[in-house]
Amino acid sequence: MADSIEEIFNGFAAPFSFGQILVTKREGAGFVLLHRDDASLDQLQTYQDAESAIEIAKYDDAGNYRSLKTAPNLRHGWRLELATVEELRRALDYFYPSRLAVFAAWKSGYLKTTALRETLDRQSGMYRAAAKISDPQINDLVADFCRSDSGCIRTILWERDRNGVIASTKLPKEKFDPVVDQAAACSRRPAGDARASVPLLCQEPCNLLVAECRKVVKGASA
């Protein structure tokens, strides 16, 4: 898989976007990462090691903890300078855990997706109740929880069930298209300022969505 990840960077010459991050080439050698909204700013706090991405990604601009790393609330005001491709890979993995590996698997044709109903049916303990959520409830919940401008900037590849029903009919078709830059929905970049973009792919429903399904079921039965 490491070789496949290296090929990603060969196919996307900097500058390119990865979620809310802009990756550019550093003068001489190496890379610079910053929030894509901050591309024209000079007064940014500078970091110089990949592990700094852990702290940068931890809180939003208001200081709130970011439980979902692909939520469209990555904080602004930083600049991360890295010397090698390996450091770049590590930093992007800290910002968006597993998304590079998922993208590499998708490019190679090996990525498998898991339907929401399949994920819910294998829950146990307190989350077993989540499987009782109705299809209309799923339609509404996914539309709200996964929307790119305020929920999550991943591109949805999974379906509602094994019959191939779309995750939510209330989301635009672009939400399911890996070619579309989901982070553009929450970006302050000028319209038309297009750059190559590596999509953040969602191959299966996350644990946070499962927890929300449980809340919906419990709320309906209260």
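Residues numbered from 1 in each chain as written. Predicted model: local features only at pLDDT ≥ 70, side-chain atom pairs only at ≥ 80, totals over all residues. Heavy atoms only, no water.

Draft legend 1. Spatial organisation of the overall build of the protein. Counting secondary structure elements, the protein contains 7 helices and 8 strands. Expressed as a percentage of its 222 residues, the buried residues of the protein come to 47%. Put simply, 71% of the contacts in the protein that link residues at least 6 apart link residues at least 24 apart. Working note: accessible area of the protein is about 11,300 Å², and carbon and sulfur atoms make up 48% of it. (Helix = DSSP H or I, 4+ residues; strand = E, 2+ residues; numbered from the N terminus. Buried < 20%, exposed > 50% of the residue type's maximum accessible area, 1.4 Å probe, protein only. Contact = heavy atoms within 4.5 Å. Areas by Shrake-Rupley, 256 points an atom, 1.4 Å probe, with all protein chains shown as cover.)

Draft legend 2. Molecular detail of the environment of L201. By secondary structure assignment, the location of L201 is in strand β8 (residues 201-202). A C-alpha to C-alpha distance of 7.0 Å links L201 and L157, two positions 44 residues apart in sequence. Not counting residues up to four positions away in its chain, the partners in contact with L201 are R99, V102, F103, W106, R154, T155, L157 and P178.

Draft legend 3. Quick peek at the nonpolar core. With 29 residues, the main nonpolar core has I21, L33, W78, L80 and F95 as its most contacted residues. Mapped by element, the contributors of at least two residues to this core are β1 (16-18), β2 (21-25), β3 (31-35), α2 (52-56), β5 (78-82), α3 (85-95) and α4 (99-108). Here this core gets 4 residues from one element, more than from any other, and that element is α3. In this structure, L80 is in contact with F31, V32, L33, Y47, Q48, D49, S52, A53, A91 and F95, ignoring residues within four places of it in sequence. Ranked by size, the runner-up nonpolar core spans 22 residues in total, among them A130, I138, A143 and V217. (Core = buried A, V, L, I, M, F, W, Y, C linked by side-chain atoms within 4.5 Å.)

Draft legend 4. Looking closely at the sheet that holds β2. Strands sit in the order β4-β5-β3-β2-β1-β7 across an open sheet of 6 strands; the sheet is mixed. Here the strands that pair on one side only, and so sit at the sheet edges, are β4 (45-47) and β7 (196-198). Ignoring strand direction, the axes of neighbouring strands in this sheet form an average angle of 25 degrees. Bridging between β1 and β2 involves 3 bridges; their strand directions are antiparallel. (Pairing = 2+ DSSP bridges. Axes fitted to C-alpha atoms, helices over the stretch in contact; angles between N-to-C directions.)

Draft legend 5. Structural detail: α3. Along α3, the residues classified as buried are E87, L88, A91, L92 and F95. Buried residues of α3, viewed axially, fall in a sector of 130 degrees; they line one side. (Arc of directions from axis to C-beta.)

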